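Below are the chains, spelled out letter by letter.
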Amino acid sequence: MAASQARRPPAPATVLVVVCLALFMALLDSTAISLTLPAMRADLGADLTGLVWIADGYVLVFAALLLTSGSLGDRLGRAEMFLAGLATFTLGSAICAYAPQLEVLVAGRIVQGLGAALVTPQTLAILSHTFPTPKDRARAFGIWSGVSALALLLGPVLGGLLAARWGWQSVFLVNLPVGALALVLGARALLGRDGTARPDGPLHRVVDLPGQVLTVLWLGTLTFALVEGSRFGWGSPLIVGLLVVSVLALAALLVVERRVAHPMLHLELFRSSTFSASTLVIGLVAFGMYASFFLVSLFLQQTQDYTAAAAGVRFLPAMATVMVTAPLAGLLAGRVGSRVPVLAGTLSMGTALLLLARVDAADPYSGWWPLLVLFGAGIGLVIPPVNSALMGSVPAERAGLASATGETGQQIGALIGIAVLGALVTDGFRRVVADGADSAGLTRADSAELARRLFAEDGAADTAASPAVTALVDRALTSGVHWGLTAAGVAALVGAVVALLIREPRTPVASPAAAADAETAPAPH
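Quick look at the structure, then. Quantities reported herein were computed from a predicted structural model and do not represent experimental measurements. Every chain is numbered independently, its residues counted from 1 as its sequence is written. Confidence filtering applies because this is a predicted model: local features only for residues at pLDDT of at least 70, side-chain atom pairs given and counted only at 80 or more, and all residues used for totals across whole chains, interfaces and linings. As a rule here, side-chain values come from all non-hydrogen atoms in the structure, and water together with hydrogens is ignored.

Considerations on the nonpolar core
Formed by 135 residues in total, the largest nonpolar core has its most connected members in Ile54, Phe82, Leu105, Trp368 and Phe375. Only DSSP runs of H or I covering at least 4 residues are called helices, and only runs of E covering at least 2 are called strands; the numbering of each starts at the N terminus. Among the elements that make up this core, the one with the highest residue count is helix H11 (residues 273-303) (18 residues). For Leu105, the residues in contact, after removing those within four places along its chain, are Met40, Leu44, Ile54, Cys96, Ala99, Trp168 and Phe172. Each nonpolar core is a collection of buried residues, namely Ala, Val, Leu, Ile, Met, Phe, Trp, Tyr and Cys, held together in the definition by side-chain atoms within 4.5 Å. The cut-offs for exposure are 20% and 50% of the maximum accessible area for each residue type, with area from a 1.4 Å probe on protein chains only; residues under the lower value are buried, those over the upper are exposed, and the others partly exposed. Throughout, a residue-residue contact means that at least one pair of heavy atoms, one from each residue, lies within 4.5 Å.

Focus: helix H13 (residues 316-336)
The span expected for a helix works out to 1.5 Å for each residue beyond the first. With 21 residues, H13 extends 29 Å from end C-alpha to end C-alpha; this agrees with the ideal 30 Å at 1.5 Å per step. Along its length, H13 shows its largest kink, about 25°, at Thr325, and proline Pro327 lies within four residues downstream of that point. Pro317, Ala318, Met319, Thr321, Val322, Thr325, Ala329 and Ala333 are the residues of H13 that are buried. Just beyond H13, the residue with positive phi is Gly337, at close to 95°. The reported bend at a residue is simply the angle between two axes, fitted to the 7 residues ending at it and to the 7 residues beginning with it.

So, H11
Two residues of an α-helix separated by three or four positions point the same way, owing to the 3.6 residues in each turn. In a regular helix each residue adds 1.5 Å, so 31 residues correspond to 45 Å; H11 covers 43 Å between its end C-alpha atoms and thus fits that length. At Ser292, H11 shows its largest kink, close to 30°. After H11 finishes, the residue Asp305 shows a positive phi value of roughly 60°.

Let's talk about a nonpolar patch on the surface
On the surface, Leu161, Val313 and Leu316 cluster together into a nonpolar patch covering about 220 Å² of accessible area. Structurally, the position occupied by Leu316 is in helix H13. Exposure remark for Leu316: the relative accessible area of 39% places this residue in the partly exposed category. Residues forming no salt bridge and having over 30% relative accessible area are the ones grouped into patches, like charges within 9 Å of each other and nonpolar side chains (Val, Leu, Ile, Met, Phe, Trp, Tyr) within 5 Å. Residue burial considers only the protein chains on display, and all accessible areas are found by Shrake-Rupley using a 1.4 Å probe. In what follows, salt bridge is the name for a side-chain nitrogen of Lys or Arg lying within 4 Å of a carboxyl oxygen of Asp or Glu.

Things to note about the packing of helix H2 (residues 12-44) against helix H4 (residues 78-97)
Axis definition: a line fitted to C-alpha atoms, over the contacting stretch in the case of helices. Angles run 0 to 180 degrees between N-to-C directions. Interhelical geometry of H2 versus H4 gives an angle of 40° and a closest axis separation of 11 Å. In terms of orientation, H2 lies oblique with respect to H4. Seen along the crossing, H2 lies across H4 with a hand that is left-handed. Packed against H2, whose contacting residues are Val18, Val19, Ala22, Met25, Ala26 and Asp29, the element H4 presents Phe82, Leu86, Phe89 and Thr90 at the interface. These descriptions rest on fixed angle ranges, namely under 35 degrees for roughly parallel, over 145 for roughly antiparallel, 65 to 115 for roughly perpendicular, and the rest for oblique. Each crossing gets its hand from how the near helix is turned against the far one by less than a right angle, where anticlockwise is left-handed and clockwise is right-handed.

And the structure:
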């Protein structure tokens, strides 16, 4: 009787609810945070570098551990890894919500990133096992995809509304009851009921420990150098040394992954030009998309003086357009292939970002909101077809590896994009402040302090009260945002060039069911 109970499959509806709750939390926080950063800066006294760490601390751990997490789930149990990740993410949310200072908040974001990395690779594998028939599985995967898209699209709007009504802490506080509910339901539905086979042997023969260490070293040193380069100086021994270490770690990673028995990163997948091009396009689009959320939010709140709620609502044109164009892009890719919509989407996105880089602080929102529509249309046109091309470029039995690799490429693109664009904003701000210091009546010391803190209200009270200084700050911040948006636009246009390498697959596009049954459970992108 006990053995029969252990083999009894979990209640499908409960499993679907648990998986969607966890997925919604993890993805919502990845975009909602952009609307709360100015409020965090005011409460915690952070400069722009600190804000970048709040965003990148999460993405760094997520990107670095994502591939290994899938292997750990196969070896230690997908349900156990899922619940451990859910508990970790909820704990990280509590740390963030009650953080008394910037360093604690960044630590909480790192814990959240660890939880998200443990959760996301397990979701499709759990659903695949729970819904064994093709019809039920397709329905479950459709709901999963809808929840993923909804979380990413609603993030900026909900983040702004929550921050304006109950403070930035509320963005993290809402995760606590949701996470607790998901843990209780998940423990009852999943533990002891996972019938999937687990590979035998020591953990080090299943998990690529050398590859994981080198990945953390590569991304960690690169991120620190990019984020802190403006603070320490780009020519300082520390920053130059970290960049050198990052390059060496990446080179060593590529060598190791060719030789280990169970590589974390399967380099043979990149022999396909379509797979390589699709992965690179995903990374370049993420580079521009996530960082642009951050920059446009900064511009709306700090330069055009919108509240967090008002700024969030002003993201709606982009979000609504994504929801309309994404399904159409999937249909279009089915008729003309993936390359055409991906090319059109990256061109649309790049053009919108370059035009947004020309919006001045005095330009009313009513005059430039159509650019957000163009931006959203680009995102919607790219995402479904490029993922279709990625999955269709590999055999069905490698679909899980392909999906996890594409998701990792997206997270690395977002990680580097936020760091690079944050550095461009900071450097652009410093240059304009230094050039305009005399006309604003600032001494050299005042100018250096203002540039260091980035926002006038963080400086001396008499400095913040000067209309000339306020105008200088607005002009300097707008200039910095322009530099960042220009870089994001160029990245999208480079993606358009890369999209020309996408070819229609000779093998059928892998289904989500095949993806979930592959060696590594895929993560959403």
